[in-house]
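Chains, contacts and geometry: an overview
Single-letter residue listing:
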Amino acid sequence: MPRVLVVGAGIAGDTIALMLGRAGWEVTVAEIAPGLRGGGQAVDLRGDCREVLIRLGLLDEVRTKLLFQRGAAWVNADGHPLATMPVEAFDGNGYVSKEELLRSDLSRVLHDAAGPEVTHLFGETVEALEDAPNGVSVRFRTAPPAEFDLVIGADGAHSRVRRLRFGPEESFRRPLGLAHAWFTMDETPETPSIDGWFLTHNTPGSRSTEVRPGHPGKQEVGFTFPATALPPRHDRAAQLALLDKVFADVGWRAPEFLVAARSAPDFALDTFDQIHVPTWYDGRVVLLGDSAWCASPLSGLGTALALRGAAELADAIEAADALRLPHRLSDALVAFEREMRPRALAAQRLFPGRVRQAAPRTEFGIHATAWLIRQVQDPRLEKVFRRLMAGRGHEVAA
Ligand SMILES: Cc1cc2nc3c(=O)[nH]c(=O)nc-3n(C[C@H](O)[C@H](O)[C@H](O)COP(=O)(O)OP(=O)(O)OC[C@H]3O[C@@H](n4cnc5c(N)ncnc54)[C@H](O)[C@@H]3O)c2cc1C
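Notes on the structure follow. Not measured: the values here are computed from a predicted model. (Residues numbered from 1 in each chain as written. Predicted model: local features only at pLDDT ≥ 70, side-chain atom pairs only at ≥ 80, totals over all residues. Heavy atoms only, no water.)

**Describing the packing of helix H1 (residues 11–22) against helix H2 (residues 47–56)**
Selection criterion: Where helices are involved, their axes are fitted lines through C-alpha atoms of the stretch in contact, as for all axes, and angles between N-to-C directions lie from 0 to 180°. Secondary structure is summarised from DSSP: a helix means a run of H or I of at least four residues, a strand means a run of E of at least two, and numbering begins at the N terminus for each. Left-handed describes a crossing whose near helix is turned anticlockwise from the far helix by less than a right angle; the clockwise case is right-handed. Throughout, a residue-residue contact means that at least one pair of heavy atoms, one from each residue, lies within 4.5 Å.
One can describe the packing of H1 onto H2 by two numbers: an axis separation of 12 Å at closest approach and a directional angle of 35°. Judged by the twist between their axes, the crossing of H1 over H2 is left-handed. Residues Thr 15, Leu 18, Met 19 and Arg 22 of H1 pack against Val 52, Arg 55 and Leu 56 of H2.

**Re the packing of aromatic side chains**
Using the following cut-off: Classification of ring pairs uses Phe, Tyr and Trp, with its six-membered ring standing for Trp, and accepts pairs whose centres are within 6.5 Å; under 30 degrees between planes counts as stacked, over 60 as edge-to-face, and the remaining range as tilted. For every residue, the accessible area (1.4 Å probe, protein chains only) is compared with the maximum for its type, and the residue is labelled buried under 20%, exposed over 50%, or partly exposed between those bounds.
Enumeration according to the criterion identifies twelve aromatic pairs in this entry. Measuring from centroid to centroid gives 6.0 Å for Phe 225 and Phe 247, while their planes differ by 90°, and the two rings are edge-to-face. Highlighted residues: Phe 225 in strand E15 (residues 218–226) and Phe 247 in the loop between helix H7 (236–246) and helix H8 (254–261), separated in sequence by 22 residues. Accessibility expressed as a relative area gives 1% for Phe 225, which makes it buried.

**Some remarks on the state of the cysteines**
What counts here: Two cysteine sulfurs form what is called a disulfide whenever their separation falls within 2.5 Å.
According to the stated counting rule, one finds zero disulfides in the structure shown. Cys 49 carries a free sulfur, and the closest cysteine sulfur to it, the one in Cys 294, is 15 Å from it. What makes Cys 49 buried here is its relative accessible area of 1%.

**Notes on the site of the ligand**
Defined as follows: Any residue with a heavy atom positioned within 4 Å of a molecule or strand is treated as near that molecule or strand. What qualifies as a polar contact is a pair of N or O atoms within 3.5 Å, subject to a donor-acceptor requirement within protein and to the restriction that residues adjacent in sequence count only when both atoms come from side chains. Note on areas: Shrake-Rupley, 1.4 Å probe, and residue coverage restricted to the protein chains presented here. Three categories are distinguished: nonpolar for Ala, Val, Leu, Ile, Met, Phe, Trp, Tyr, Cys and Pro, charged for Asp, Glu, Lys and Arg, and polar for the others, with Gly belonging to the last.
Around the ligand sit 28 residues, and of these Glu 31, Gln 41, Arg 103, Thr 125 and Asp 290 come closest. Take Thr 125: an N or O atom from its side chain is 2.7 Å from a nitrogen atom of the ligand. Starting from 910 Å² of accessible surface for the ligand in isolation, the protein chains cover 87%. Within the residue set of the shell around the ligand, elements represented by two or more residues are H1, strand E2 (26–31) and helix H10 (302–319). The biggest single contributor to the shell around the ligand is H10, with three residues. For the shell around the ligand, the per-class residue count stands at ten nonpolar, eleven polar and seven charged.

**So, the side chain of Arg 207**
Mapped onto the fold, Arg 207 is located in strand E14 (residues 207–213). On the basis of relative accessible area, Arg 207 is assigned to the buried category, the value being 12%. Polar side-chain contacts of Arg 207 include one of 2.8 Å to the backbone oxygen of Pro 204. Engagement of the side chain of Arg 207 in a polar contact is seen with the backbone oxygen of Val 246, the distance being 2.9 Å. Setting aside residues no more than four positions away along its own chain, Arg 207 makes contact with His 201, Asn 202, Thr 224, Phe 225, Pro 226, Val 246, Phe 247, Asp 249, Val 250 and Pro 360.

**So, the environment of Ala 335**
Along the chain, Ala 335 turns up in helix H11 (residues 329–348). Along the sequence, Ala 335 and Ala 319 sit 16 residues apart, while their C-alpha atoms lie 9.3 Å from each other.

**Considerations on the pattern of salt bridges**
Here is the rule we go by: Here, a salt bridge means any side-chain nitrogen of Lys or Arg that lies within 4 Å of a carboxyl oxygen of Asp or Glu.
Enumeration according to the criterion identifies 27 salt bridges in this entry. Where Arg 46 meets Asp 44, a salt bridge forms, and the shortest distance between an N and an O atom there is 3.0 Å. On the basis of relative accessibility, which here comes to 17%, the residue Arg 46 falls in the buried class. Across the pair Glu 256 and Arg 253 runs a salt bridge whose closest N-O atoms are separated by 2.9 Å. Accessibility expressed as a relative area gives 29% for Glu 256, which makes it partly exposed. Here the residues in one salt-bridge network are Asp 48, Glu 51, Arg 308, Glu 312 and Arg 343, joined through shared partners.

**A look at the layout of surface pockets**
Basically, it comes down to this: Grid points spaced at 1 Å and placed over the protein atoms alone form the basis of the search, with a cavity being a set where a 1.4 Å probe fits but cannot get out and a pocket an open set showing protein on both sides within 12 Å along at least five of seven lines. Lining residues have an atom within 4 Å of a point. Grid points are joined across faces, edges and corners, and a volume is the space filled by probe spheres set on the points.
Estimated volume of the second largest pocket: approximately 340 Å³. Forming the boundary of the second largest pocket are 19 residues, of which Thr 184, Met 185, Asp 186, Lys 218 and Pro 265 lie nearest the centre. Sorting the residues of the lining of the second largest pocket by element identifies strand E12 (173–186), E15 and H8 as the ones contributing at least two each. Ranked by the residues each element gives to the lining of the second largest pocket, the list is headed by E12, at three residues. Of the residues that constitute the lining of the second largest pocket, the class distribution is five nonpolar, eight polar and six charged.

Structure (structure tokens):
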């Protein structure tokens, strides 16, 4: 039985593991975290997401995890809305769409669907990848070395597989100029209700404070601000100090969120980046998901691309009959990239002004953004809006 190593048990990693396991491969998944990673905000179930979940037979299960959401509202310091976009806007395909669930719930469903042919090694990663006559020889951090017919780097935007095999992160990273912190906050009797609304409070200096629905009794919090470099990922104290400094003079609920960030188990902070890698495969090592083509959370398409990419890779491997004839894997990787690259490029072409809209710079920009959000919902302007969105990957996911 041919063996595949998937590095990273995220959306892309667990989807390809599930598909190749079902297709008859022996699959090992190495995930650096000690368990399946929780955290993350809402992802939607449109287009590619829905299609791949139907194909996996998991849509019904995923739909039992939907969040209760009413829509998005942009509020001033007193909490009064400057603009709103209910879930019904654009036939349920607006900023907050009709069917969304937490990334962690989707990840759990994909993970739990794997059969006995998939083995997960948690707290594990790769230290070296070397070509062997019929595959790739892998040195792990703790597990004994092993040889695989194929290695899939599904280890996210900061991919180690990419670094080991394709080059340093800086060669592929295009920062968009903003950073984002996100975490889950427990509600207390004093916590203001958000009643299903995704609330955003913008402040001059491109600082945005956000809160959106989570599981019952929880709210999902976000801070967005200008940055292209951040304190090291393991230095939580330095990350929190940075947030305290940047959001010190921001009102609304920012002070409450800054306190909550200190005890949030799933706190994370990262820059909004895109990843552009000229070729996604090298020998029998291939990149999948954010490690290959991260379009940034601003695209709204990270999950859809991860699921679609896994399906395209699985299809290309099957079409090349690589289960029986592993030497044909190189043909499969060429076909995979040919099919997937146009979709990734379309998603990376962000809507004009998207970065500015996520965190406007000035008071004028904040009001202009709110005005625009109100205007785009005018049915007479819908055609113009749809034309602006064309060719940016959303027709795939809409
Ligand atoms: C905890 C978390 C929360 C997220 N929240 C959001 C969100 O709120 N909004 C949004 O738009 N996007 C979010 N994302 C990104 C989103 O999941 C991806 O854009 C998209 O789903 C593509 O998924 P991926 O599988 O390629 O990458 P990811 O979902 O990032 O998964 C990569 C996986 O690889 C693992 N990994 C990393 N390095 C190594 C290594 N060296 N060895 C082994 N494993 C490794 C990670 O722990 C992770 O489990 C989040 C990602 C994570 C991991």
